[in-house]
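# A closer look at the structure
What follows is the residue order along each chain.
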Amino acid sequence: INNRLLCRKQCVIEVFHPKVVNIPFVDIKDDLSQKFGVNSDAISLLDFHTKFGGGKTLGFALMYDSKDKKLKYEPKGKNAVIRCKKVINNRLLCRKQCVIEVFHPKVVNIPFVDIKDDLSQKFGVNSDAISLLDFHTKFGGGKTLGFALMYDSKDKKLKYEPKGKNAVIRCKKVLNNRLLSRKQCVVEVFHPKVQNVNFTTIKEDLSQKFGVNADAISLFDFHTKFGGGKTLGFALMYDSKDMKLKYEPKYRLRREKLIDPKVASFTRK
């Protein structure tokens, strides 16, 4: 395949060696250099594995136009290949977002610093403005999947990212209910590293996103999925605290201690 986007040719390599245990990478690079007319220093070989019983080895080759192009597009960690899928330009939140695939057959895992540096070079954004989340390694190792959010600047990241680093808060099905002077939505909280996220953090995040006072937000019916890591619930964001006191049911106001608790009265027969 001639991949002009990354200035390289890429192919699958089959090596047949019935008389020897294996073939060194130097011999494979020299052979490809003669066949495709590229410099051997601009060739990258990865994910080579020998079939059970020996005699045949499979892998991938990336043949860049020059050594400079290889240094530009190849990840810094020689033991890993980082690929981006489903890239979306989300102008509403001033960011690009994508699915990240990391192939690392020779090492246990890849640090986030290397992934951020690689994305910074590919997309031309500052590494401080990149947020990585929900990374998990496949059973058996060698492949890791996750998500990347690449903001236009560090200020935009601080504005739209949740304060708690261990949680990501998202809003779905946002409705503007003018009859009750409020906005309402479904809230999804992703927290794979912690048991749960307190309501104060969620209110502060919604307050920044929608520009409302945290005291005018009501949260209810939150429940965590079986196994943890994800919590769903509802949020009502009133125009002011007075509107919240007017339209919210009393039992929810008592729960937040905004009104006096109900005094039980006993009658004797």
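Up top is the structure.
Fair warning: this is a prediction, and the values are worked out from it, not measured in the lab. (Residues numbered from 1 in each chain as written. Predicted model: local features only at pLDDT ≥ 70, side-chain atom pairs only at ≥ 80, totals over all residues. Heavy atoms only, no water.)

### Considering helix α5 (residues 199-210)
The criterion, for reference: Helix and strand assignments come from DSSP, with helices taken as H or I runs of at least 4 residues and strands as E runs of at least 2, each series counted from the N terminus. Each helix should span, by expectation, one fewer than its residue count multiplied by 1.5 Å. Relative accessibility decides the category of a residue: with a 1.4 Å probe and only protein chains considered, values under 20% of the type maximum give buried, values over 50% give exposed, and everything between is partly exposed. Contacts are residue-level and defined by heavy atoms, with any inter-residue pair within 4.5 Å sufficient.
With twelve residues, α5 should cover 16 Å at 1.5 Å per step; its first-to-last C-alpha distance of 16 Å lies within 8% of that length. Turning to α5, its buried residues are Thr-201, Ile-202, Lys-203, Asp-205, Leu-206 and Ser-207. Packed against the buried residues of α5 are α4 (154-160), β9 (168-177), β10 (182-190), β11 (217-224), β12 (230-238) and α6 (241-247). Once α5 ends, the next one or two residues include Gly-211, with phi positive near 65°.

### Regarding the nonpolar core
Our working rule: Nonpolar cores were defined as sets of buried Ala, Val, Leu, Ile, Met, Phe, Trp, Tyr and Cys residues, with membership established by side-chain atoms within 4.5 Å.
Of all hydrophobic cores here, the largest spans 14 residues; its most connected members are Ile-100, Val-102, Ile-115, Leu-119 and Leu-132. Mapped onto this core, the elements with two or more residues apiece are β6 (95-103), α3 (112-123), β7 (130-137) and β8 (143-151). Each residue touching Leu-132, except ones within four places of it in the same chain, is listed here: Phe-112, Ile-115, Lys-116, Leu-119, Phe-147 and Ala-148. If you look at the next biggest cluster of nonpolar residues, it comprises 13 residues, including Ala-167, Cys-185, Val-197 and Ile-217.

### Things to note about the pairing of β12
As a reminder, the rule being used: At least two DSSP bridges between two strands are required for those strands to pair.
Counting buried positions along β12 yields seven of nine residues, so the element is predominantly enclosed. With nine bridges joining them, β10 and β12 adopt antiparallel strand pairing. Bridge pairing in β12 links Val-187 to Gly-233. Bridge analysis of β11 against β12 gives six bridges, and the strand direction is antiparallel. From the neighbouring strand, Phe-220 faces β12, where its bridge partner is Phe-234. In textbook terms, the turn of a hairpin is the stretch between consecutive antiparallel strands, and for β11 and β12 this stretch comprises five residues, one of which, Gly-227, has a positive phi near 100°.

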